[in-house]
Every structure is written in C-alpha cells, then in structure tokens.
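Architecture and fold: a report
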Amino acid sequence: MVGIFGTVGIHVSASIFIGLGFGYYLDQKVFNGKTSPWLTMIFLAFGVVAGFKHLYQISKRKDL
C-alpha cells in the first residue's frame, strides 16, 4: 500500500514531463519552431490531465 502511494508523485510528474517534452519536440524539431509555443502548451496540458487522471484512478480503487 505504501508503494502505491509512493509512486503517485512519480507518475504525476512523469506524465507532465513526458507531455512537455513531446510538445517541445514537435515544436522545435518537426515544425522548426513555427508552432512554438502552442504545441508545447497543448501537450503540457495533456500531461497534466493524464497525471491527475491517474491520481483519480488510484484514489477510487476499492482495495486501498
């Protein structure tokens, strides 16, 4: 049980950084900065939503 709660912060922060990194990569490498900073912000928001979705799923588990 402690292991599950210990990984929540890692999951939330990893989701945010993955979304941020993917958006930055698309902005800078794929579209050569033409869409900067829009894709970075959009994928950052996706990462935040994914992190908190995982947090919500953990909080709704019946076995905790």
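Residue indices begin from 1 for each chain and proceed along its sequence in written order. In keeping with the predicted nature of the model, local features appear solely for residues at pLDDT of at least 70, side-chain atom pairs appear and are counted solely at 80 or more, and the whole-chain, interface and lining totals rest on all residues. Hydrogens and water molecules were not included; the side-chain quantities draw on all heavy atoms of the structure.

1. Describing the packing of aromatic side chains
By convention, a stacked pair of Phe, Tyr or Trp rings (six-membered ring in the case of Trp) has centres within 6.5 Å and planes under 30 degrees apart, an edge-to-face pair has planes over 60 apart, and any other such pair is tilted. Considering all chains together, one arrives at 2 aromatic pairs under this definition. Note on F22 and F43: the rings are 5.1 Å apart at their centroids and 80 degrees apart in plane angle, and the pair reads as edge-to-face. Of this pair, F22 sits in helix α2 (residues 8-30) while F43 sits in helix α3 (residues 38-59), placing them 21 residues apart in sequence. For every residue, the accessible area obtained with a 1.4 Å probe (protein chains only) is divided by the maximum for its type, and the residue is called buried under 20%, exposed over 50%, and partly exposed between those limits. The exposure class assigned to F22 is partly exposed, which follows from its relative accessible area of 42%. Ring pairs connect the aromatic residues F22, F43 and F46, which therefore count as one cluster. Runs of E in the DSSP output that reach at least two residues are strands. Runs of H or I that reach at least four are helices, and both are numbered from the N terminus.

2. Notes on the packing of α2 against α3
Relative orientation of the contacting elements α2 and α3 amounts to 160 degrees, with a least axis distance of 7 Å. Judged by the inter-axis angle, α2 sits roughly antiparallel to α3. When you trace α2 past α3, the crossing you get is right-handed. Within the contact between the two elements, α2 uses V8, H11, V12, S15, I16, G19, L20, F22, G23, Y24, L26 and D27 and α3 uses W38, L39, T40, F43, L44, G47, V48, A50, G51, H54, L55 and I58. Of the residues in the contact of α2 with α3, the class split is 15 nonpolar, 8 polar and 1 charged. Interaxial angle, 0 to 180 degrees, is taken between N-to-C directions of lines fitted to C-alpha atoms, where a helix line uses only the stretch in contact. An angle below 35 degrees is read as roughly parallel, one above 145 as roughly antiparallel, one from 65 to 115 as roughly perpendicular, and any other as oblique. Here a crossing is taken to be left-handed if its near helix is turned anticlockwise relative to the far helix by less than a right angle, and right-handed if that turn runs clockwise. The contact definition used throughout considers only heavy atoms, calling two residues in contact when any of these lie within 4.5 Å. Gly counts as polar in this scheme, as do all residues outside two lists: the nonpolar Ala, Val, Leu, Ile, Met, Phe, Trp, Tyr, Cys and Pro, and the charged Asp, Glu, Lys and Arg.

These results come straight from atomic positions and should not be treated as a statement about function.
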